[in-house]
Amino acid sequence: MASALRRSANHFLKRRILPVAYRGNSSDANILKSNLKDIKVPNLTIDEYVWQNLDRWPDKTSTVCAFTGHGYTYAQTHRMSVCFAASLRTKLKLQDGDKVAVILPNIPEYPCTALGIIEAGCVPATMNPAYTAVDLKPLFEIAECKAVVTTKLSYPNVKAALIEMQQNIPVILVDNENLPEGTIKFAEFAEDFAIDTNCLKTVKRSPKDIGILPYSSGTTGLPKAVALTHNSIIALHEMMFDPSAVSVPETTDSHQSVIPAVLPFFHIFGLNIVMLNLMSRGVKLVTLPSFKPEVFLETIVKYRVRDLYVVPPIAMFLAKHPAVTPAHMESVREVISGAAALPAADAETIVSKNNKIQIRQGYGMTETSGAISVLLRGQPNNHASVGSVFGSCRIRVVDPNTGENVGVGKEGELWLSGPNIMQGYYRNQQATDEVMDNGWFKSGDIGKYDENGLVYLTDRIKELIKVKGFQVAPAELEAILLTHPAVADCAIMGIPDAMSGEVPKAFVVTKPGKSLADEEVMQYVNTKVISYKNIKKVQFIDTIPKSPAGKILKKELKKYC
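Just so you know, these numbers come straight off a predicted model, no measurement behind them. (Residues numbered from 1 in each chain as written. Predicted model: local features only at pLDDT ≥ 70, side-chain atom pairs only at ≥ 80, totals over all residues. Heavy atoms only, no water.)

### Quick word on the packing of aromatic side chains
The relation between two aromatic rings is expressed through the spacing of the ring centres and the mutual angle of the planes.
Working step 1: Under the definition given, this model contains six aromatic pairs.
Working step 2: The interplanar angle of 50° and the centroid separation of 6.2 Å between the aromatic rings of Phe 84 and Phe 189 together place this pair among those described as tilted. In this pair, Phe 84 is assigned in helix α3 (residues 74-90) and Phe 189 in helix α7 (residues 186-190), connecting sequence segments 105 residues apart. For the pair shown, Phe 84 and Phe 189 are each scored as buried.
Working step 3: Taken together, the ring pairs in this structure connect Phe 84, Phe 186 and Phe 189 into an aromatic cluster.
Working step 4: Seen from the ring of Trp 440, Arg 396 lies directly overhead, with NZ or CZ sitting 5.1 Å from the centre.
Working step 5: Here the basic side chain of Lys 528 rests over the ring of Tyr 524, its NZ or CZ set 3.8 Å away from the ring centre. (Phe/Tyr/Trp six-rings, centres within 6.5 Å; stacked < 30°, edge-to-face > 60°. Helix = DSSP H or I, 4+ residues; strand = E, 2+ residues; numbered from the N terminus. Buried < 20%, exposed > 50% of the residue type's maximum accessible area, 1.4 Å probe, protein only. Lys NZ or Arg CZ within 6 Å of the ring centre and 35° of its normal.)

Set out below in structure tokens:
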């Protein structure tokens, strides 16, 4: 059977074409281009790409649970993914292009599930396991899912959503015991080592086809499924493999890098930048299904972790929590932060615990397969910047009023281009047309770049506060307020005002044992900014509502108003 699985793997790996280069139009004016080399995108599917060096590290650990110690080698993960793929084709009769919902926490079975779905010619639609039935229903409807893979914990919400939709599709549970009636045991698919895998030879998927369907955050409207092709996913991997970018060393006989996989795999940062990218390098992923501070710190120390992939809430924990000592950070050399802006004060505090650490902020979103820029290795720590553009990518800064590109130091909407840009929003041409313009993705982010090509974010277009016709960026006021010694967290948003149209309001979380008055907050910020940016109202709350990626949920804040 092992030889049969190997032949199946070889069948996948031989379906490759010579790489093709991607190059931008160098004649365009006021377009920020990368100083890194243009990439070559191999014409492979995602599974072919991840497994192409399997024979170099078959016995190395691919995933291991930080809580239980349960895990798999690369050979085991591959074998299970192939069996799972064959089971989907033969037992569920799934066909090329069918969508399968993956509603799982970060567990060792996640990679073989996602890759197995892809190997079956299907498309994983990744969803948050904490979603309610109300959250899940529109996601199922958008993707037209033909099956679901989840856990007993999430199953009641999955079942309720399917009942509401009057659908009866197969539900596969990764749990081993006491499964609800009518569900399928994951092991019966992934560990059916006697299954005939020849059915996988009938899979016909092109690198230009949709490979993964994650969802946009939905913080500014209805959720949208982002159609990412095999090519766009792999393009980002090739960009990150530039020695100056985010390239974790490949595994060798004598060395294997270890990464705490705490960023949720249903999110593009955890899915593509951590899971798929690092598995293609043979890295050991220590999975954390939830963020438990003590387990996270133990993992760093136990494995002497060199590279950390984090979002701002985790970075803030590393910076501010009294339990995090220099000893915990002794082995760390790079902290890669993305998904939202990291306050400079927190970045500096992390570095103060180990001055050998480089904080490397990146910028991207689901629509860019996860990233389009990062602070390059060896560049001076610049905690205000989200770094340099990846190879083969370009950025335009567009004046929202004139539609013209603006140059160095001038702010505008960031338009993004590169081989990692999404195909579009799945089954939503109107939303696609609103954000795509001749291959350029209109990010909705306000930013600029400097004479060194470093990119800076200042805010979101839709979140700008208009005070008497002037635009006020909440991020600017938030950055100031976070430097107050009694402030643990904060958010700024605009509220209606009869005289000014809108005025800024601050939502403040104080540090334990600290207290503040409204006037103290306003004076602290207002003395540092021009008058129309002055905070007019303050409200103290227990926590700032944020998405799993660390973005402030402004619509949730409105409930406090």
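### Focus on the pairing of strand β4 (residues 61-65)
For a regular strand, side chains alternate in direction, first toward one face of the sheet and then toward the other.
Working step 1: For β4, a buried count of four out of five residues is recorded, marking the element as mostly surrounded by other parts of the structure.
Working step 2: When β4 meets strand β5 (residues 71-73), the two strands line up antiparallel, connected through three bridges. Bridge pairing links Thr 63 to Tyr 72 in β5.
Working step 3: In this structure, β4 lies alongside strand β14 (residues 284-287), joined through three bridges in parallel fashion. Looking at β14, one finds that Val 64 is bridged to Val 286. (Pairing = 2+ DSSP bridges.)

### As for helix α15 (residues 518-526)
Working step 1: Within the sequence span of α15, burial applies to Val 521, Met 522, Val 525 and Asn 526. Taken end-on, α15 shows its buried residues confined to a sector of 110°, consistent with a single buried face. Looking at α15, the residues exposed on the side facing more than 90 degrees away from the buried face are Glu 519 and Gln 523.
Working step 2: Where α15 is buried, its residues meet α14 (474-481), β29 (501-510) and β30 (537-540). (Arc of directions from axis to C-beta. Contact = heavy atoms within 4.5 Å.)

### Focus: the nonpolar core
Working step 1: In terms of nonpolar packing, the biggest core is built from 121 residues, with Leu 308, Tyr 309 and Phe 390 touching the most fellow members.
Working step 2: With sequence-adjacent residues up to four places away left out, Phe 390 is seen in contact with Ser 34, Leu 36, Leu 236, Met 239, Met 240, Ala 245, Val 246, Ala 371, Ile 372, Ser 373 and Val 374.
Working step 3: The next biggest cluster of nonpolar side chains, apart from the first, holds 27 residues, and it includes Ala 101, Ile 142, Ala 161 and Met 165. (Core = buried A, V, L, I, M, F, W, Y, C linked by side-chain atoms within 4.5 Å.)

### Some words on unusual backbone geometry
With the exception of glycine, most residues fall at negative phi, and the peptide bonds are largely trans.
Working step 1: A positive phi is found at Glu 144, a non-glycine position, where the angle reads about 55°.
Working step 2: Since its relative accessible area comes to 41%, Glu 144 is described here as partly exposed.

### A short note on the side chain of Gln 358
Working step 1: Residue placement: Gln 358 occurs in strand β17 (residues 358-363).
Working step 2: Owing to a relative accessible area of 10%, Gln 358 belongs among the buried residues under this scheme.
Working step 3: At a separation of 3.4 Å, a polar atom in the side chain of Gln 358 contacts the main-chain amide nitrogen of Gly 378.
Working step 4: In this structure the side chain of Gln 358 is engaged in a polar contact, spanning 2.7 Å, whose partner is the backbone oxygen of Gln 379. (Polar contact = N/O pair within 3.5 Å; in protein donor to acceptor, adjacent residues only side chain to side chain.)

### Observations regarding the sheet that holds strand β18 (residues 373-374)
Working step 1: The strand order β15-β16-β17-β18-β19 describes an open sheet built from five strands, whose pairing is mixed. Strands with a single pairing partner mark the edges of an open sheet, and in this sheet they are β15 (307-310) and β19 (388-389).
Working step 2: Looking at chain direction, β17 and β18 are connected through two bridges and run antiparallel. Counted as the bridge partner of Tyr 363 is Ser 373 from β18.

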